Amino acid sequence: RKFPEMEKDHVHGVYDCIAGHFSSTRFAIWPEVKRFLDGMPEHSLVGDIGCGNGKYFGAAKHCRVVGGDLSFELVQLCKNRGHEVVQLDVVRPPYRQNLFDGVISIAVLHHMSTF
């Protein structure tokens with residue numbers, strides 16, 4: 001999809017510039033998300049679409065969490081931590097339908113100007 005200039009400038013560009021600092025301030029696991037992940041059956045495959053710094057990848061040891069983000073810098077940060085992550089557009093993620101047993105997309109929608 002073609003991203004509006006406003007979204008490119010004020011969201012995509014910003015997150016690539018602040019990825020390191022942003023990541024250092026995003027470490028607390030939200031209790032509601034933890035409860036959701038803890039409720040997933042053993043060996044579930046969970047997609048984290050718009051994963052940011054990947055803080056939820058290790059939040060449920062009984063699940064495998066994979067995902068991605070549009071920010072190249074945040075994706076690199078996640079890869080450097082050993083996470084299975086790709087750069088993606090959250091509106092059209094590169095995964096086949098019904099692949100995941102569960103999906104999270106935390107604090108993502110407000111970053112999109114339109115879809």
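Residues numbered from 1 in each chain as written. Predicted model: local features only at pLDDT ≥ 70, side-chain atom pairs only at ≥ 80, totals over all residues. Heavy atoms only, no water.

S.K.: How should I be thinking about the overall build of the chain in this particular structure?
M.R.: Of the regular secondary structure elements, the chain holds 3 helices and 4 strands. Counting helices and strands in the order they occur from the N terminus, the chain gives α-α-β-β-α-β-β. Residues counted as buried form 39% of the 115 residues belonging to the chain. Of all intrachain contacts in the chain linking residues separated by at least 6 positions in sequence, the fraction that spans at least 24 positions is 56%. Taken as a whole, the chain presents about 7000 Å² of accessible surface, with 56% of it coming from carbon and sulfur. (Helix = DSSP H or I, 4+ residues; strand = E, 2+ residues; numbered from the N terminus. Buried < 20%, exposed > 50% of the residue type's maximum accessible area, 1.4 Å probe, protein only. Contact = heavy atoms within 4.5 Å. Areas by Shrake-Rupley, 256 points an atom, 1.4 Å probe, with all protein chains shown as cover.)

S.K.: I tried to follow the packing of aromatic side chains on my own but got confused; where do I start?
M.R.: Here a ring pair, both rings aromatic, is described through the centre-centre distance and the interplanar angle of the planes. Across all of its chains, the model carries 1 aromatic pair by this definition. Relative to F100, the ring of Y95 lies with its centre 5.0 Å away and its plane at 70°, an arrangement referred to as edge-to-face. (Phe/Tyr/Trp six-rings, centres within 6.5 Å; stacked < 30°, edge-to-face > 60°.)

S.K.: I would appreciate a short explanation of the nonpolar core in the present structure.
M.R.: Membership of the largest hydrophobic core comes to 15 residues, with the highest contact counts inside it found for L37, V46, Y56, F57 and V85. Those elements that provide at least two residues to this core are α2 (31-38) and α3 (72-80). (Core = buried A, V, L, I, M, F, W, Y, C linked by side-chain atoms within 4.5 Å.)

S.K.: Is there a simple way to think about the sheet that holds strand β4 (residues 102-104) in this case?
M.R.: In a beta sheet, neighbouring strands are held together by backbone hydrogen bonds and run either parallel or antiparallel to one another. Taken together, 4 strands build an open sheet; the order of strands is β3-β2-β1-β4 and the sheet is parallel. Of all strands in the sheet, those bounded by a partner on one side alone are β3 (85-87) and β4. Put simply, the sheet's adjacent strands are angled 20° from each other on average, direction ignored. Note: strand β2 (residues 64-69) against β3, 3 bridges, orientation parallel. Across the sheet, the residue bridging to D69 is Q87, located in β3. Taken strand by strand, α2 contacts β1 (45-49) and β4, and its axis lies near 165° from that of β4. Sitting on the sheet, α3 touches β2 and β3, and the angle it makes with β3 is about 165°. (Pairing = 2+ DSSP bridges. Axes fitted to C-alpha atoms, helices over the stretch in contact; angles between N-to-C directions.)

S.K.: I'm lost on the pattern of salt bridges in this one. Help?
M.R.: Two side chains of opposite charge can pair, provided their charged atoms sit close to one another. Going through the model one piece at a time under the given rule, you end up with 2 salt bridges. The salt bridge involving D38 is made with K34; its shortest N-O contact spans 3.0 Å. In this pair, D38 and K34 are both assigned in helix α2, 4 residues apart and thus about one turn of the helix distant. For K34, a relative accessible area of 30% corresponds to the partly exposed category. Close ionic contact of R64 with E84 constitutes a salt bridge, the shortest N to O distance being 2.5 Å. With R64 in strand β2 and E84 in the loop between α3 and β3, this residue pair connects regions lying 20 residues apart in the sequence. (Salt bridge = Lys/Arg side-chain N within 4 Å of Asp/Glu carboxyl O.)

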